Protein chains: 2
Amino acid sequence: MQTLTLSPIGFVHSPFAEPSQVPRGLGAKHEEEGILEVLPEFEAGLKDIEGFSHLYVVWVFDRSQGYELEGKPPCDDRSHGVFATRSPRRPNPIGLTVVRLLRRSGRQLHVRGVDMIDGTPILDVKPYLSNVPESELRRGWLAEAEARREGAGRDRA
Amino acid sequence: MQTLTLSPIGFVHSPFAEPSQVPRGLGAKHEEEGILEVLPEFEAGLKDIEGFSHLYVVWVFDRSQGYELEGKPPCDDRSHGVFATRSPRRPNPIGLTVVRLLRRSGRQLHVRGVDMIDGTPILDVKPYLSNVPESELRRGWLAEAEARREGAGRDRA
């Protein structure tokens, strides 16, 4: 496979009009509600999706231009490789978000936890099936950055 | 955005030569080890990935042809919408797998939990950052199919 050409299966309705409005960085909560609207020709593919509490949304950073293999994320002053971050400036501009499914209304999925901007193209939706064992989960530089910030907070206190 | 054209950032080395060898269905365990090999030009993007225990791998069902909006998964005798399943026959043939990162060796990521076949093109790798609250997790038709199977097992016993 040399290249793969994809088309949206739908679009996101989000309260965020611009990338700058999306909460970013350590401790950012994504509690905003939005709608995943699937195109009419794909509505049949939503059958039985209502039974899942959470969904993966695979989407496109369509406002992002080019990529950067290393960069400083908003929550750290050190640079990290793009595949160790959620940077929008990726070789393939694919975003991935876990949302909570609140309800379905026809071809609209009402969800909580959007971090995409309004009009974002959706490539795929999949059911979220299982967690990673919590005892095995390690979050690398992100955990270190959080620890440094908490340490700085204590120093200021 | 009408269409998006993507190219692989790397390829999977997997013990599975054919799709039929990949364990499927209810209770399928994905404990096989494999390697995510990133192309040389993207190696710098792996910086600091070692600190994460788990990764998302976004990949291509490159042996899949066409799609089906409804179908019966291997673990159920009822049909479900494609967006409520992990079927390879999706409008956009994108696969998503959570793997455990065992170690990095240059541009090779040794991982456990591959369910891709050998040579699968990789589109993106992202850090796995957090679980969904276990108390909120519902798995729709999959939980129902499991319960039916367990019931059938008891009937036979």
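What counts, and where the lines are drawn
- Residues numbered from 1 in each chain as written.
- Chains lettered and ligands numbered in written order.
- Predicted model: local features only at pLDDT ≥ 70, side-chain atom pairs only at ≥ 80, totals over all residues.
- Helix = DSSP H or I, 4+ residues; strand = E, 2+ residues; numbered from the N terminus.
- Buried ≥ 20, exposed ≤ 12 C-beta atoms within 10 Å, placed from the backbone.
- Contact = placed C-beta atoms within 7 Å.
- Pairing = 2+ DSSP bridges.
- Axes fitted to C-alpha atoms, helices over the stretch in contact; angles between N-to-C directions.
- Least-squares fit on C-alpha atoms with pLDDT ≥ 70 in both.
- Nonpolar A, V, L, I, M, F, W, Y, C, P; charged D, E, K, R; others polar.
- pLDDT = per-residue confidence, 0-100.

Chemist: How should the overall build of chain A be read in this particular structure?
Modeler: Along its length, chain A carries 1 helix and 9 strands. Its helices and strands taken in sequence order, chain A reads β-β-β-β-β-β-β-β-β-α from the N to the C terminus. Across its three principal directions, the C-alpha atoms of chain A cover 55 × 35 × 30 Å. Relative to its full complement of 157 residues, chain A shows a buried share of 36%. Pairs at least 24 apart in sequence give 73% of the contacts found in chain A among residues at least 6 apart.

Chemist: I would appreciate a short explanation of the sheet that holds strand 9 (residues 121-127) of chain B in the present structure.
Modeler: Backbone-to-backbone hydrogen bonds join strands into a sheet, with any given pair of strands oriented parallel or antiparallel. Residue and element names in this part refer to chain B. The strand order 2-3-8-7-4-9 describes a closed barrel built from 6 strands, whose pairing is antiparallel. Taking the axes of each pair of neighbouring strands and ignoring which way they run, one obtains an average angle of 45 degrees across the sheet. Examined bridge by bridge, strand 2 (residues 10-13) and strand 9 share 2 bridges and lie antiparallel to one another. In the sheet register, G10 faces strand 9, and the bridge partner there is I122.

Chemist: Looking at this structure, how should I read the environment of A:H110?
Modeler: Along the chain, the position of A:H110 falls in strand 8 (residues 108-112). Those residues in contact with A:H110, other than ones at most four positions away along the chain, are A:E33, A:I35, A:L102, A:R103 and A:S105.

Chemist: What am I meant to see in the pairing of strand 8 of chain A here?
Modeler: Side-chain positions along a regular strand alternate between the two faces of the sheet. Residues and elements named next belong to chain A. Where burial is concerned, the two faces of strand 8 differ: the one with L109 and V111 is buried and the one with Q108, H110 and R112 is not. Bridge count for strand 7 (residues 94-105) against strand 8 is 5 bridges, and the pairing is antiparallel. Looking at the pairing, R104 lines up with L109 of strand 8. Hairpin remark: strand 7 followed by strand 8, antiparallel, with 2 residues in the connecting loop; positive phi at G106, about 65 degrees.

Chemist: Help me out: how do you make sense of the relation of the copies chain B and chain A in this one?
Modeler: A rotation about some axis, followed by a shift along it, carries one copy of the chain onto the other. Once chain B has been moved 0.0 Å along the axis and rotated by 180 degrees, it coincides with chain A to within an RMSD of 0.0 Å. These values place the two chain copies in the arrangement generated by a two-fold rotation axis. Across chain B, the rotation axis passes nearest the C-alpha of B:T5, at a separation of 2.2 Å. A shared binding surface is used by both copies, with 100% of the interface residues of chain B retained as interface residues in chain A.

Chemist: Would you mind showing me how to read the interface of chain B and chain A here?
Modeler: Many analyses report the size of an interface as the accessible area lost when the parts associate. Listed by partner, the interface residues are 56 residues for chain B and 56 residues for chain A. Taken together, the elements giving at least two residues each to the side of chain B that touches chain A come down to strand 1 (4-6), strand 4 (54-60), strand 6 (80-81), strand 7 (94-105), strand 9 and helix 1 (140-156) of chain B. The class makeup of the residues in the side of chain B that touches chain A is 31 nonpolar, 13 polar and 12 charged. Summarising the sheet, strand 1 (residues 4-6) of chain A and strand 1 of chain B pair through 3 bridges and their orientation is antiparallel. In the strand pairing of strand 1 of chain B, A:L6 is matched with B:L4.

Chemist: Explain the confidence of the model for chain A to me, please; I cannot follow it from the model alone.
Modeler: Do not read the fine detail of predicted coordinates wherever pLDDT is low. When pLDDT is averaged along chain A, the result is 93; 96% of the residues meet or exceed 70. Scoring of the predicted complex yields 0.94 for pTM and 0.93 for ipTM.

Chemist: What should I look at first to understand the environment of A:L101 in this one?
Modeler: Residue and element names in this part refer to chain A. Here L101 is to be found in strand 7. Exposure remark for L101: the 23 C-beta atoms within 10 Å place this residue in the buried category. The sequence separation of L101 and Y56 amounts to 45 residues, and the corresponding C-alpha distance is 10 Å. In contact with L101, not counting residues within four places along its chain, are F52, S53, H54, L55, L109 and V111.

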